[in-house]
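Architecture and fold: a report
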There are 4 protein chains.
Amino acid sequence: MMRGIIPPIVTPLRSRDELDVEGLERLVQHVLAGGVHGIFILGTTGEAPGLSYRLRRELIERTCRLVAGRVPVLVGITDTAFVEAVHMAQFAAESGAQALVLAPPYYFPNSQPELLEYVQHLAPELPLPLFLYNMPTHTKTIFEVETVRRAMDMPNIVGLKDSSANMVYFHQLIRLLPQRPQWSLLVGPEELLAESVLLGGHGGVCGGANLRPRLYVDLYEAAHARDFEHAAALHAEVIHLSTTLYRVGRHSSAIIKGLKCALRELGICDDFMAEPFHRFREEERERVRKVLAELKITA
Amino acid sequence: MMRGIIPPIVTPLRSRDELDVEGLERLVQHVLAGGVHGIFILGTTGEAPGLSYRLRRELIERTCRLVAGRVPVLVGITDTAFVEAVHMAQFAAESGAQALVLAPPYYFPNSQPELLEYVQHLAPELPLPLFLYNMPTHTKTIFEVETVRRAMDMPNIVGLKDSSANMVYFHQLIRLLPQRPQWSLLVGPEELLAESVLLGGHGGVCGGANLRPRLYVDLYEAAHARDFEHAAALHAEVIHLSTTLYRVGRHSSAIIKGLKCALRELGICDDFMAEPFHRFREEERERVRKVLAELKITA
Amino acid sequence: MMRGIIPPIVTPLRSRDELDVEGLERLVQHVLAGGVHGIFILGTTGEAPGLSYRLRRELIERTCRLVAGRVPVLVGITDTAFVEAVHMAQFAAESGAQALVLAPPYYFPNSQPELLEYVQHLAPELPLPLFLYNMPTHTKTIFEVETVRRAMDMPNIVGLKDSSANMVYFHQLIRLLPQRPQWSLLVGPEELLAESVLLGGHGGVCGGANLRPRLYVDLYEAAHARDFEHAAALHAEVIHLSTTLYRVGRHSSAIIKGLKCALRELGICDDFMAEPFHRFREEERERVRKVLAELKITA
Amino acid sequence: MMRGIIPPIVTPLRSRDELDVEGLERLVQHVLAGGVHGIFILGTTGEAPGLSYRLRRELIERTCRLVAGRVPVLVGITDTAFVEAVHMAQFAAESGAQALVLAPPYYFPNSQPELLEYVQHLAPELPLPLFLYNMPTHTKTIFEVETVRRAMDMPNIVGLKDSSANMVYFHQLIRLLPQRPQWSLLVGPEELLAESVLLGGHGGVCGGANLRPRLYVDLYEAAHARDFEHAAALHAEVIHLSTTLYRVGRHSSAIIKGLKCALRELGICDDFMAEPFHRFREEERERVRKVLAELKITA
């Protein structure tokens, strides 16, 4: 049963198709030191779809070895090709990962019956427990509430991460939980961590936890413990970070670019990015530095 | 310089991750017998994103061998991972393909500057001429007119296939052609073949040409020769096919399902589909049979 | 300074263009008895754009007379025509209303500079304080955060109602509040009332408060008082109502239809609707009756 | 039976809520001199939703008087309020108009059954023949093919204007025509006039015909007469105008702004616009002047 903060870690890169191995070590060490409850690799923040399969496997292998069982490692296997998703899942299991994460196949638009069947066909082929991943801005297809309800019937589907930023939807999912009390309902956007945990969610897959793992862990714990005043204060810090760091760039890639740039400034890892994205230039870096100073973030 | 009808062929499958080898032979023979000017594999109609990389390579190799230089083979290399697109392009070149086709990377939303840079970085790494592929319903990102204009500066980008179904956009692209008279501007939706060729386009990548290659070749030639009455009559046949066969299913997958089902009924190839899609059931098959009879389509 | 629960009341109709005058009296009495802090007429729930201008004026006049100053009456003046919005505002002021509510003009897509200018030109012409109304599903245009920040400079713009259901956006607006401490930030979707008030919002414009005004008032007060356990319990009731009553119909009109049908069942007002909508038929009415029984809602 | 070019005329304004009466006279004279087959007032190009009802009535009355039966006058009655649409239709009939034009009510999203019922309820209340108007970018709701087929059963619905720019859809509508041979199928975007008339459409409601009525009339006649070479040459002129004049501004309002600015430069009418839009400033005016010179457009 997954609870708490599971950072979707960025994939440190040294150049095209080359992992920043030392950066990965420092990053894993950094988030573990912050008390996180798991690590999620090969998600959206990890630029997974932009990485070669070879690099994805290298990342799985090294991360599992680095984490060494201290927390669960969740591996994104989202793929447009069913067979490739299964292969990646098998590799993850062999490497020692604990769970898998799957968004809908994202090239073709899927109807809900097609999506449900897809999940029903895929889940039995997987060697590890599976989290569904709702990410409509990128996949075009939502996991509708009724589809989630039906997917809950499958024993090795153990939770869902919702990155839709739609809390009306999230509250509808919370109402399904009595059907599977051990399920994990996690929220993606860190701006919604406080309210989702206060009102029945189980934690967050927060990009900002790459940078300040302790802040998100503390917020989770305060919300979970119903220490409302503390939660509200930490929530305000999260919103402050979000409305400054993630607004440095102009495009929707600005969140990942901002995170990678900040991690470089802290000396944690390289900020090289997979195509079609590119690291911030000096002008944006200077603004990131100012944000880090204003937020008093140091390594 | 590519002109005419280039069917985006379906990928005949026998089961999950197994090519229907005999079906592929019959299909290639069928479309070549219809006089097509090229064959496009691994496009949307070919369910490319749903196929394993192994099967994609098998398909490239076998198709190039079957076609044996009689017409150009175009290979879709669209991928979310830059490195994988390059690998597939190299494999296509080694297998004897003549050109490549690339839609935008389709997981992350791309801004136009990011998309242009992506194309500018990728094209020089490719061993074959490249066609851009505008397919916004599936990739979320459009190749804006100004981006196409800039991409025309790259010598090994030789054309664009537009599946947006937006003829206002298409006419704007036609106005760019004097800049590169050898460019090929091809239209995706077969319903727009007549008008696009009449008004300056160079041909079509028409799904229906899997089934009735001669119809589309005749229409192209009539439109190209300004034999307007003949073109209009053939256009009406295309619209008839499109408004019956492609409307058998309910979801947006109905076009590929209808094509595969019809090809099976004609004894050309299997109608197994890659996840998340599944072949029509008996009820829809019966309706497809009626459509084929009504349209007098036989193998 | 507006705080608390302001129900967006339905417009009771007896037939096309005929107000259900007795129904309106009972409805106003019903929500006032529930302790609401204001009444909002001519919003989306009030089907304002579907009503004739004559009926809108009749509704304004009667409601102001019925409320008789016990709570503020807010009047929606959203219109595609600037001049008509000004006229309705003048009529509202003459009738004794306290404030106005304005969504973007909703036929033409508006750019943000155009929207800001529109608000800057309109606000000075209005005889009453104005609330902005963010409702992108219906108006296509969002009030972006920067536009709101600029609009806050206008003295007679006194708040914003956000019906986007996007709490990331809402938290960004909360961060603007120190600029105008007297501003009111209200949330539309009742499913978000608890979290928005807990984390800095000032209340809700909740459709369900037509039916159960006391529930929403209690929830607002519990959240405002930081009585977290009570708030969570009432929030669960709201979600229960929302996931049952509002899901009886199939289309997006289901929320208003469900509310009107329930109010009819309680004997409060007629459920006639303005075109293009129509009241539930017997089948759906029966389901609404079951929901009311399950939720133990009686007049 | 409506055939040919029906310009959707701009509404000349002198200031907020004040018609430019002399400008309207010159504009009507200008388009009639160009040989147009009808005049459409109060459409999107006419900024109808942005005008007061008083001004809309003044425009109807004056235009009908100016045209004096020389060509049919079509009046847009699109409204979010059923009752107001009926009132405007009655006023148009009394003023001597020949037909009405109606897009879906555009605040609430409509389902297709709701939209069909709306049309079925409204048409019998109207004193004049009705054209449907498909304009999904502004109304959010499309008239689906099946809905149009059902609407064709109503005797006083006599045609449809399609501004979706989706020619696949348009060809599907053409296939419905044998059901009602007297129906008129008109296209909105002028870039699609040539192909739509060549392949079975009946004419165009072209914004550019405000400026160069003769160009569009000639194109319509060439396409209708199957004089293909002439049609293609005139089509190229239309695309040239569209890709220059309509691209002067940055927002989607640029088309109307460009038209009004050009009409002012030609001395035909004022370029004042209804909120939320505003005339071009000197910088854009200078670019419009250059476009007019390049296109050799003079009054």
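Sequence order sets the numbering: in each chain, residues are counted from 1 along the sequence as written. Chain letters and ligand numbers both follow the written order, the letters beginning at A and the numbers at 1. The model is predicted, so local features are restricted to residues of pLDDT at least 70 and side-chain atom pairs to those at 80 or more, both for listing and for counting; the totals for chains, interfaces and linings are taken over all residues. Computation of side-chain values: all heavy atoms of the structure, hydrogens and water removed.

**Some thoughts on the relation of the copies chain B and chain A**
Aligned on chain A, chain B shows an RMSD of 0.0 Å; the corresponding rotation is 180° and the shift along the axis is 0.0 Å. Each copy turns onto its partner about a two-fold axis. Here the copies were fitted onto each other by least squares, based on C-alpha atoms from residues at pLDDT of at least 70 in both.

**Here's the deal with the packing of helix H9 (residues 213-224) of chain A against helix H10 (residues 228-245) of chain A**
All names here are of chain A. Contact geometry of H9 with H10 gives a least axis separation of 8 Å together with a crossing angle of 145°. Where H9 crosses over H10, the two elements pack in a sense that is left-handed. Here Leu215, Tyr216, Asp218, Leu219, Ala222 and Ala223 of H9 lie close against H10, whose contacting residues are His230, Ala231, Leu234, His235, Glu237, Val238 and Leu241. Throughout, the ten residues Ala, Val, Leu, Ile, Met, Phe, Trp, Tyr, Cys and Pro are labelled nonpolar, Asp, Glu, Lys and Arg are labelled charged, and all others, Gly among them, are labelled polar. Considering only residue class, the contact of H9 with H10 consists of nine nonpolar, two polar and two charged. For helices, the axis comes from a line fit to the C-alpha atoms of the stretch in contact; other axes are also lines fit to C-alpha atoms, and the angle between any two N-to-C directions lies between 0 and 180 degrees. For helices the rule is a DSSP run of H or I covering at least 4 residues; for strands it is a run of E covering at least 2, with both sets numbered from the N terminus onward. Note on convention: the crossing is left-handed when the near helix lies turned anticlockwise from the far helix by less than a right angle, right-handed when the turn is clockwise. Any pair of residues with heavy atoms lying within 4.5 Å of one another is described as a contacting pair.

**Digging into the interface of chain B and chain A**
The partner chain A presents 44 residues to the 44 residues of chain B that form the contact. By buried area we mean how much accessible surface two parts lose on assembly, using a 1.4 Å probe and totalling the loss over both. When chain B packs against chain A, the two sides together hide about 3,800 Å² of surface, and 62% of this comes from carbon and sulfur. Throughout this description, the term salt bridge denotes a Lys or Arg side-chain nitrogen within 4 Å of a carboxyl oxygen of Asp or Glu. Linking chain B to chain A there are four salt bridges. One salt bridge in this structure joins Lys257 of chain A and Glu114 of chain B, with 3.2 Å as the shortest N-O distance. Pairing of N or O atoms within 3.5 Å defines a polar contact, subject to two protein rules: one partner must be a possible hydrogen donor and the other a possible acceptor, and residues neighboring in sequence count only if both atoms are side-chain atoms. Applying the counting rule to chain B against chain A returns 18 residue pairs in polar contact (both at pLDDT 80 or more). Contributions of two or more residues to the side of chain B that touches chain A are made by helix H2 (53-67), helix H3 (82-95), helix H4 (112-122), helix H5 (136-139) and helix H11 (254-265) of chain B. Broken down by element, the residue count for the side of chain B that touches chain A peaks at five residues, all from H4 of chain B.

**Regarding the UniProt feature "binding site: pyruvate" (unreviewed entry) in chain A**
Residues and elements named next belong to chain A. What UniProt calls "binding site: pyruvate" (unreviewed entry) maps, in this numbering, to Thr45 and Val205. For the residues just named, distributed over 161 residues, the greatest C-alpha separation is only 10.0 Å, placing them together at one site. Considering the arrangement of structural elements, one finds Thr45 in the loop between strand S4 (39-41) and helix H2 (53-67). Relative accessibility under 20% of the residue-type maximum defines a buried residue, over 50% an exposed one, and the middle range a partly exposed one, all with a 1.4 Å probe and only protein chains included. Of the residues examined, Thr45 reaches a relative accessible area of 16% and is grouped as buried. Those residues in contact with Thr45, other than ones at most four positions away along the chain, are Pro8, Ile9, Val10, Asn210, Ile256 and Leu259. Along the chain, Val205 falls in the loop between strand S10 (203-204) and H9. UniProt positions are given in the numbering used here, feature names are shortened, and annotations may be inferred rather than shown by experiment.

**Some details on the relation of the copies chain C and chain A**
Placing chain C over chain A gives an RMSD of 0.0 Å and needs a rotation angle of 180°, together with 0.0 Å of translation along the axis. Both copies share a contact surface, since 100% of the interface residues of chain C are interface residues in chain A too.

**Regarding the interface of chain C and chain A**
Between chain C and chain A, the contact holds 23 residues from the first and 23 residues from the second. When chain C packs against chain A, the two sides together hide about 2,000 Å² of surface, and 67% of this comes from carbon and sulfur. The largest share of the area that chain C buries against chain A comes from Arg175, Leu199 and Phe228 of chain C, three residues that together contribute 27% of it. In this assembly, chain C and chain A are joined by two salt bridges. Linking chain C to chain A there are six residue pairs in polar contact (both at pLDDT 80 or more). Here the element with the most residues in the side of chain C that touches chain A is helix H10 (residues 228-244) of chain C; it accounts for seven residues. Across the side of chain C that touches chain A, the residue classes tally to eleven nonpolar, six polar and six charged.

**Some points on the pattern of salt bridges**
Counted according to the given criterion, the structure contains 84 salt bridges over all chains. When the shortest N-O distance is used, the salt bridge between Arg14 of chain D and Asp20 of chain D registers 2.8 Å. A relative accessible area of 2% places Asp20 of chain D in the buried class. What emerges from the salt-bridge pattern is a single network uniting Glu265, Glu282, Arg285, Glu286 and Arg289 of chain A.

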